[in-house]
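# Understanding the architecture of this molecule
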Amino acid sequence: MKQKNLFLFLLLLSFSSFAQTSDRPNILVIIFDDAGLDMSAYGSTYVNTPGFDAIAKEGVLFNRAYTPNAKCAPSRASIITGRNSWQLDAAANHVIWFPSKFKTFQEVLSENGYTTGHTAKGYGPAITETADGQERQVLGPAFNEKSLVPATSSISKNDYSANFKDFLEKAPTEQPWSFWVGSIEPHRVYEYGSGKKLGGKTEDMIKDFPPYWPDNEVTRNDLLDYAYEIEDTDKHIIKILETLKEKNQLENTLIVVTSDHGMPFPRVKGDQYENSNHIPMAMLWKDKMKASGRVVDDYISFIDLAPTFLDIAGVDWQSSGMHPATGKSLRNIITSEKSGQIEPERDYVLVGKERHDTGRPGDVGYPIRGIHKNNMFYIKNYEIDRWPKGNPETGYLNTDGSPTKTEILNLRRNGDATFWKMNFGKRVEEELYDIAKDPFCVNNLAADSKFSEQKEALKVEMESKLLAQGDLRMSGYGHLYEQAPFVNGRNFYTDFMKGKSPKAGWVNDGDFEPYILDGDGNELEKANNAIKD
């Protein structure tokens, strides 16, 4: 049945025709919210994505696509600006005021004859305003009027594919367009058991279970529920392809399907490990692609997307008003006939983070930088006295509440801190992983003398590239990133420890530790009301 469905969708793509008045291509970004490489095109055994797979089969599948920063707002900031998060001032962080000086690719396209818009989740969570405090549509007007009855209570009522169709029907036929479809799935929360009950899934479908979580019925069901939400968004991809065919606009539309970062599980979302930043990506541009079904191994980054969009739209970056791009256009890769490594210079990608969610004393972050190159991954943790996922007594706020998180926390409370240390414990300054042998990043090679030269070479290359990009962390001014105020959640730690009740709706009440812990998970003293006025 799965093969039959995929064949039908590929047939749909093959018989599309081109009938547009403009030779400038349309641009369509379809972005999942918190989906990892868990698409059947990448070999997933428990997620079936015929829509994503059809794009990959007819177009190109990227094996090494990464976000520079594995959290919603800073990741999306890199997409829309073409710059790494550490080059975006306050936008290096999560839940902030987006700096008005940074233009976005959608704003530039709108200024250059494109009709723009978006549905559901765009850039955020953040506030976007002009320099004089006016509302700013960084992705164009919102199209959110069409709704549906969702399959579960945790899935959005937004009918993404119908809202895209609404946009097309209202867009001038003589102009090219650029549209952003931002699903809210598979972001937390999930309806527990929906993967089994509604998706017909079974726990034994999961073949490559992460070694940093306890393997049991609860955690496996959590993954199946996550899978079901991915599949729900994938159905919209199929409907969107049908709409493009009906409107005779499939041939001259560049379609990019991706996700902002990895899955919303402990040690993934909000971290900077392989499964955190490594994201799915498939593209289709039927009018310009010379071969279908290609698989590309070049390292590419979200910072390459905005330069690609302006390039194919015929807009000069230097005169666009956008800040200089760090990324480079993917046009030559998209239109190539080759698979494998296309451009030899794309042999690395940089990742990193500053401050994500609130919950630490002083509203500070957990700064990290890393470099992927030749299947090796080097990480530098700059403030190892801090808690990587946020303080235990304030609920580890940089890890969404989930059944998997609860399982890990309860194991520590019952005397087994093994998984807790891997997910929430404090870390060493340097980490080094062989991604080919250790994709889950559990065997740190940084202290192994056999890898000392390789580690040092990666560190030097990473820091020299970051310094050239103006990374404040490299010049001793990293603390300036943390001075950008939160839109909400400011002083959470202080307020909570004084006995107040600040809101943190993305975690569970049971995530808050009643004791102050040490780095190994030992309980030291009662945490409640530890700070006095």
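Residues numbered from 1 in each chain as written. Predicted model: local features only at pLDDT ≥ 70, side-chain atom pairs only at ≥ 80, totals over all residues. Heavy atoms only, no water.

### A short note on the overall build of the protein
The number of helices and strands found in the protein is 14 helices and 15 strands. Along the first, second and third principal axes, the C-alpha atoms of the protein reach 70 × 50 × 50 Å. Each of the 533 residues in the protein was classed as buried or not, and the buried ones make up 60%. Taking contacts inside the protein between residues at least 6 apart in sequence as the whole, the part at least 24 apart equals 75%. Of the roughly 20,400 Å² of accessible surface on the protein, 48% is carried by carbon and sulfur atoms. Of the charged side chains in the protein, 62 are positive and 76 negative; the average position of the first set lies 1 Å away from that of the second. (Helix = DSSP H or I, 4+ residues; strand = E, 2+ residues; numbered from the N terminus. Buried < 20%, exposed > 50% of the residue type's maximum accessible area, 1.4 Å probe, protein only. Contact = heavy atoms within 4.5 Å. Areas by Shrake-Rupley, 256 points an atom, 1.4 Å probe, with all protein chains shown as cover. Lys, Arg positive; Asp, Glu negative; His and termini not counted. Charge placed at Lys NZ, Arg CZ, Asp CG, Glu CD.)

### Considering unusual backbone geometry
Cis geometry is adopted by the peptide bond preceding Pro-125, which originates at Gly-124 and carries an omega value of 5 degrees. Among the structural elements, Pro-125 can be located in the loop between β4 (115-120) and β5 (126-128). Cis geometry is adopted by the peptide bond preceding Pro-186, which originates at Glu-185 and carries an omega value of 5 degrees. Here Asp-89, not a glycine, exhibits a phi torsion of approximately 55 degrees, which is positive. With respect to the helices, strands and loops of the structure, Asp-89 is situated in the loop between α3 (72-81) and β3 (96-98). In this model, Ala-120 sits at a positive phi of 65 degrees, which is unusual for a non-glycine residue. Relative to the helices and strands, Ala-120 resides in strand β4.

### A word on helix α7 (residues 217-246)
Helix length check: α7, at 30 residues, gives a terminal C-alpha distance of 44 Å against a target of 44 Å (1.5 Å per residue), a fit within 8%. Within α7, 23 of the 30 residues are buried, which leaves the element mostly enclosed by the surrounding structure. One side-chain oxygen of the residue at the start of α7 lies 3.0 Å from the amide nitrogen of Val-218, identifying that residue as Asn-216. Positive backbone phi, at 55 degrees, marks Asn-248, one or two positions downstream of α7. (Expected span 1.5 Å × (residues − 1). Polar contact = N/O pair within 3.5 Å; in protein donor to acceptor, adjacent residues only side chain to side chain.)

### Here's the deal with the layout of surface pockets
The rolling of a water-molecule-sized probe over the atoms marks out the regions of remaining empty space. Taken as a whole, the largest pocket holds about 650 Å³ of empty space. Lining of the largest pocket is provided by 25 residues; of these, Leu-37, Asp-38, Asp-208, Asn-275 and Phe-440 occupy positions nearest its centre. Taken together, the residues of the lining of the largest pocket sort by class into 13 nonpolar, eight polar and four charged. (1 Å grid on protein atoms, 1.4 Å probe; cavity = no way out; pocket = protein on both sides within 12 Å on 5 of 7 lines; lining within 4 Å. Points joined across faces, edges and corners; volume = space filled by probe spheres on them. Nonpolar A, V, L, I, M, F, W, Y, C, P; charged D, E, K, R; others polar.)

### A closer look at the nonpolar core
Leu-28, Ile-255, Met-281 and Met-283 are the most contacted members of the largest nonpolar core, which totals 100 residues. A total of nine residues in this core trace back to one element, the largest contributor, which is α7. Those residues in contact with Ile-255 that lie beyond four places of it in its chain are Leu-28, Ile-30, Ile-55, Leu-241, Leu-244, Leu-250, Ala-282, Met-283 and Leu-284. Formed by 15 residues, the second largest nonpolar core is a distinct cluster that contains Met-376, Ala-446, Phe-451 and Leu-458. (Core = buried A, V, L, I, M, F, W, Y, C linked by side-chain atoms within 4.5 Å.)

### So, the packing of α7 against helix α11 (residues 403-413)
α11 packs onto α7 with a crossing angle of 160 degrees between their chain directions and a minimal axis gap of 8 Å. Put simply, α7 runs roughly antiparallel to α11. Both α7 and α11 take part in a crossing whose hand is left-handed. Packed against α7, whose contacting residues are Val-218, Thr-219 and Asp-222, the element α11 presents Pro-403, Thr-404 and Glu-407 at the interface. A class-by-class count of the residues in the contact of α7 with α11 yields two nonpolar, two polar and two charged. (Axes fitted to C-alpha atoms, helices over the stretch in contact; angles between N-to-C directions. Parallel < 35°, antiparallel > 145°, perpendicular 65-115°, else oblique. Left-handed = near helix turned anticlockwise from the far one by under 90°.)

### Considerations on the side chain of Lys-286
Among the secondary structure elements, Lys-286 is positioned in the loop between β8 (281-284) and β9 (294-301). Reaching out from Lys-286, the side chain makes a polar contact with the side chain of Glu-58 at a distance of 3.2 Å.

### Notes on the sheet that holds strand β11 (residues 368-373)
The pairing of strands in a sheet comes from backbone hydrogen bonds and takes either a parallel or an antiparallel form. On the basis of which strands lie adjacent, the open sheet formed by four strands has the order β10-β11-β12-β13 and antiparallel pairing. Strands with a single pairing partner mark the edges of an open sheet, and in this sheet they are β10 (348-353) and β13 (430-434). Here the average twist between neighbouring strands, direction ignored, is 15 degrees. Taken together, the six bridges between β10 and β11 define a ladder with antiparallel strand orientation. Across the sheet, Val-349 pairs through a bridge with His-372, a residue of β11. Each of β10, β11, β12 (376-381) and β13 is contacted by helix α13 (residues 452-468), which is oriented at about 65 degrees to β12, the strand it contacts most. (Pairing = 2+ DSSP bridges.)

### Focus on the packing of aromatic side chains
Applying the stated criterion to the full structure yields 21 aromatic pairs. Measuring from centroid to centroid gives 4.6 Å for Tyr-396 and Phe-424, while their planes differ by 45 degrees, and the two rings are tilted. With a gap of 28 residues between them, Tyr-396 in the loop between β12 and α11 and Phe-424 in helix α12 (residues 418-424) connect regions that are remote in the sequence. Considered together, Tyr-396 and Phe-424 belong to a single accessibility category, that of buried residues. (Phe/Tyr/Trp six-rings, centres within 6.5 Å; stacked < 30°, edge-to-face > 60°.)

Interpretation note: all reported values are geometric properties and have no functional meaning in isolation.
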